Amino acid sequence: MKSGGKIFVVHPSRNLLEVVIEHLLERDHLETALVLFPNRRPVEFFKYYLCKKIDRPVLLPELKSFEDWLVSYAIGVMKEPVQLIDQMEQAWFVYKAVEEVYAEEKRKVPSWGEFYPWAIRLVDVFREFEMELVEVGNLVHPPSVELHERVIDLLMRLKRIYEAFNKKLDDHSCTTVGKLMRSIADSSENLPDIPVYLVGFYALTRSERAIFRRFFERGASIYWHADIETLPEFYKNWLKDWHEIWQIEPEVIMPEKIAEPEIHLFEAHDLHSELKEVGERLSSSEKVSSPDHTAVVLPSSEPLIPLIHHLPEADLNITMGYPLRLTGIANFIQKLFRLVLGANPERGYMTSTLIDLFNSPYIRVSKETIRALKEYGGGFISEQDVLKFTKEDKDYVRSVFEKIIHPLIEAKNLRTLGDAINTALGFISPGRWSPFEKEAIAVILENVVYPMKEYAFSEEEMEMGELHELFLEVLRTTSIPFEGDPLTGIQVMGILETRVLSFERVILIDVNEGVLPGVEDINPLLPRQVRPLLGLPDHLKEELIIRYHFERLISSSKETHLLWQYCTTPGQSGLDDKKVRSRYVEKIIWQKEKEQGKLFEETSEDEKFRRSQITLEPGELTKKDYLKKDTDLIDSFKVSLWAIHPTMLELYLKCPLRFFYSQVLKIEPPSYKDEVEPAELGTAVHEALEEYIRTLTGIKTDQVNFSGVTLKKQNLSVDDFFNVFIRKLKGKDFYRRISPERKFLLEETARFRFRKYFEEKHPEETKVVALEKRLDPVKIDVGGHGRYELKGKVDRIDRRGENGDVRYIIMDYKTGYTGNVKTKCLNLTLSDIKSLALDDNGLRELKKHFSTIQLPFYIYLWGRFLLKKYHSSFTSWEDITAAFVKLSENGGLAEFYPSRRGNGNSGYNQWFEEVFPEVVKFIIRHLFESPYWYPAEDKEECKYCDYKVPCRFSV
Ligand code: SF4
């Protein structure tokens, strides 16, 4: 059987678009043809080549991507007007369909917020059914692989859900791209009666194949870009199918001379060295003269922004989307959500999340207010208390609450969420946004906020956590589009944007396994084993498609540079993730090995294959090349520092470098999805103990009862306490994120430890003096650096002991590991302190004497307070001790000194009066005056350090 169409196999050494233009001109089809491409990008290049070919004004053919054409054509031939709806709206109809089907069976219907992620997956499943022209059926016998209960529920009712979904679409005169595709593939309607050119398509779905066949029967010209000698898999199958029907023989278009591309390989040790190499290669080469001269291709958009910083000053044309979720503005909205999700109706906002929001570059809360919040020390703070701390910026802070925080708290559905985000974005200062941020704001408003307010389900009530999840999902799927128009300079694009195009020089970065090809995105509703049971084709296509585009891009170039990374980085799981070169590079290397008859590693490195070099002199690793302190940075840190807290001193003593990361640079440590956040867990424990003991003793906040309120062990109830603890835990951000298994383990471990603490370690009887007590500040003068207030807040103060050994015991609850407390520091004299050098030796010497500085610090503040209040009755510092309550070890005490040490020795009193303040002054002077941010001396510190990944001193 003969057909009217033709297939042209254009060798990659020929420019495919130029060949198509020649054919259009030869056949005089230029002004009448419909030219369809797999994507939109070739349209601009087509016009560029046409301009080069003819220098007179002409009418252009209709140039479109296949999907754009299909949607407009299919809607145009519909008898009734229909509206094309997006994925979110489809998800809502899917939800309503599931609701209907479940209601018939009297099954519990999940809430919209809970079901939304599944609805999105069902939308994808239905789209695939349409594209592959498969009749939707139920899964009758689930495969032996383990499937989520909800997946089985949905797949066993798939047909009914699909029918109900379609009915809803029809009732609302709506449609989807998948349905339009199927309708044209199935229809007997005539396709347009004009010359049709299908250019650069490779793998086709069944619906595309059906439409292309009809085009072909009507005389369409189809262009493949491949070498006929080594036809890629999908072209071979395509040819075989059509040969059986039409006995077609493709027409091969060869270049005059086949030029093999010159391939340069570069192995980089990390992203930075990879991008630096790209920048150097571009700077040292000739100027980019035309848009098809140089393309820098990124398999994923994540390194786009760092890449731009490495490219030379030249015209750039970026054609790819940048993930919205990676922008600062998306991060700001995330912080806002975290604040609202962690808020407690009785206690207010979590102080840490409020500080985090106020520290955002989009908010202009003064340093003084932020400092006051940091010094506040409590886990939660009410809005009224926040306003009490503010001075000059009271009105501004009030408006931050009114314009940003309250609207989000009040959001109950997508419409009010959209309004809240809109108001927040309108409030933050537009004058300071970079063009990129402005673009991000525009995308959030146009693609996220405005649609959010207009959906049919916009007024459906949702919980804050559900609104957050939905917002995250929208962020995940939204990109900032760089249109790449007009066509000039270096082309920066994704691998799929290169389809159909040819460049003289291609620079492809991140050619690593897991990136090129990427990791297969699996829809949990359609695992591989389920697909054939539902009549869907195998899903191994993705890798073959990317392989074709990769190989075509290289063979259509004159020169290709492939760069990859070989570093080892920590993976999401916490295990090391070794980057390896892509299988595509391995294939190229293997070919080279065959040509040269020796292993690649044995070939000497030349210009075409290089590795990034890290030159290390012998002894380099052990060289004390510490990070220098920057005077300007120290000065501005000094300005922001008013109070000295014991935890700061402790941190500095342990590792000045960690102090620099966390206190000066304020770098946030990473947090992982299914991980217990030690800081938040600690806050929950503190809050629960405070509330519980306060209820039993009646002691009020900041109240001091010097004789103490009796608390007996027999009155403690683990169960009552545990109820308080669980309530506190539920308010924590991390608790919502962790898996049920982690929750269970956490709760059981906590219950066991608290039982041990209450039943075994708590004294039979004690007198509680104060709870969560903010100790009165003590001022100290640090030489030329000014006066600072020593401040601290203690968890609890008791009076314990008998027979002349009654002492105040200041307690600090510890939920993490706590070692023993050594008191070697009591041997330090004034002259010892004076002889300490302001360098690493001086700090090391001091550290040797202190296992903790927190406990003597609390003793010092409490002692000074007693001296002020009870000058005559407070005679000895021995009347006070301090201890860590080791809650992770069942509540045992690690005391600073367990029994009276001085026995009336005046040297002992003198130590607290004279030596200890000098110790504090030395640490502060060391912080300001020593030349370097020294790393931890004790490498045990590095084990649990949040900064061990970026820190080059970590071991
Ligand atoms: S990894 Fe070690 S040296 Fe580096 S900041 Fe952390 S504790 Fe200090």
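Within every chain, residues take consecutive numbers counted from 1 along the sequence as written. Where local features are concerned, this predicted model is filtered to residues with pLDDT of at least 70; where side-chain atom pairs are given and counted, the filter is 80 or more; whole-chain, interface and lining totals use all residues. Side-chain numbers here rest on the full set of heavy atoms in the structure, without hydrogens or water.

### As for the domain arrangement of the chain
Splitting the chain by domain gives domain 1 (6-80 + 185-253), domain 2 (83-172), domain 3 (263-314 + 485-611), domain 4 (325-481) and domain 5 (641-669 + 676-943). The domain boundaries here were taken from an automatic or database domain assignment. Of note, the centres of domain 2 and domain 4, computed from C-alpha atoms alone, are 33 Å apart. Computed with a 1.4 Å rolling probe, the buried area is the accessible surface lost when two parts are put together, summed over both parts. Across the domain 2 to domain 4 interface the summed buried area is about 1000 Å²; carbon plus sulfur atoms make up 73%. When the buried surface of domain 2 facing domain 4 is broken down by residue, Met88, Trp92 and Trp112 rank first, second and third, together holding 48% of it. Salt bridges are counted wherever a side-chain nitrogen of Lys or Arg sits within 4 Å of a carboxyl oxygen of Asp or Glu. For the interface between domain 2 and domain 4, the tally reads zero salt bridges. We call two N or O atoms a polar contact when they sit within 3.5 Å, provided that within protein one can donate a hydrogen and the other can accept it, with sequence-adjacent residues counted only if both atoms are side-chain atoms. Summed over the shared surface of domain 2 and domain 4, the number is two residue pairs in polar contact (both at pLDDT 80 or more). Labels follow the DSSP assignment, with helices taken as runs of H or I lasting at least four residues and strands as runs of E lasting at least two, numbered in each case from the N terminus. Looking at the side of domain 2 that touches domain 4, the elements with two or more residues in it are α4 (87-104) and α5 (112-131). For the side of domain 2 that touches domain 4, the leading source of residues is α5, giving five residues. When residue character is reported, Ala, Val, Leu, Ile, Met, Phe, Trp, Tyr, Cys and Pro are called nonpolar, Asp, Glu, Lys and Arg charged, and the others, Gly included, polar. Class assignment of the residues belonging to the side of domain 2 that touches domain 4 gives a composition of five nonpolar, two polar and three charged.

### Quick look at unusual backbone geometry
Of note, the amide linkage connecting Leu516 to Pro517 takes the cis form, showing an omega dihedral of 0 degrees. Along the chain, Pro517 turns up in the loop between β17 (505-508) and α21 (541-555). Here Lys106, not a glycine, exhibits a phi torsion of approximately 55 degrees, which is positive. A relative accessible area of 77% means that Lys106 is categorised as exposed. Although it is not a glycine, Glu772 adopts a positive phi angle of roughly 45 degrees. Position of Glu772 among the secondary structure elements: in strand β25 (residues 765-781). For each residue, the accessible area found with a 1.4 Å probe, counting protein chains only, is set against the maximum for its type, and the residue is called buried under 20%, exposed over 50%, and partly exposed in between.

### Description of the site of the ligand
Neighbouring the ligand are Cys655, Arg658, Tyr661, Pro935, Ala936, Glu941, Cys942, Cys945, Lys948, Cys951, Phe953 and Ser954. Listed by contribution, the elements that provide at least two residues to the shell around the ligand are α25 (656-664) and α34 (940-943). For the shell around the ligand, a count of residues per class yields eight nonpolar, one polar and three charged. One heavy atom within 4 Å of a molecule or strand makes the whole residue count as near it.

### Some words on α21
A helix is expected to span 1.5 Å multiplied by its residue count minus one. Here α21 contains 15 residues, and its C-alpha end-to-end distance of 21 Å stays within 8% of the 21 Å for a straight helix at 1.5 Å per residue. Of all the positions in α21, only Glu543, Ile545, Ile546, Tyr548, His549, Phe550, Arg552, Leu553 and Ile554 are classed as buried.

### Let's talk about the nonpolar core
In terms of nonpolar packing, the biggest core is built from 117 residues, with Trp112, Phe358, Ile404, Ile405, Leu414 and Val492 touching the most fellow members. No other element matches the eleven residues that α5 contributes to this core. Whether two residues are in contact is decided by their heavy atoms, any of which lying within 4.5 Å being enough. Apart from residues no more than four positions distant in its own chain, Ile405 is found in contact with Leu336, Leu339, Val340, Tyr349, Leu354, Leu357 and Val400. Of all hydrophobic cores here, the second largest spans 75 residues; its members include Ile833, Trp862, Phe884 and Val919. In these notes, a set of buried Ala, Val, Leu, Ile, Met, Phe, Trp, Tyr and Cys residues joined through side-chain atoms within 4.5 Å is what counts as a nonpolar core.

### As for the packing of aromatic side chains
Centre distance within 6.5 Å is the pairing criterion for rings of Phe, Tyr and Trp, where only the six-membered ring of Trp is used; planes under 30 degrees apart are then read as stacked, over 60 as edge-to-face, and the remainder as tilted. Within this structure, the stated rule accounts for 70 aromatic pairs. Judged by centre distance (5.5 Å) and plane angle (50 degrees), the ring pair of Tyr860 and Phe916 falls under tilted. With a gap of 56 residues between them, Tyr860 in helix α32 (residues 854-869) and Phe916 in helix α33 (residues 906-929) connect regions that are remote in the sequence. A single burial state applies to Tyr860 and to Phe916, both of which are buried. A ring is considered to have a charge above it if a Lys NZ or an Arg CZ atom is located within 6 Å of its centre and within 35 degrees of its normal. Sitting over the ring of Phe928, Lys638 keeps its end group 5.0 Å from the ring centre. Note that Arg799 overlies the ring of Tyr808, its terminal NZ or CZ placed 4.9 Å from the centroid.

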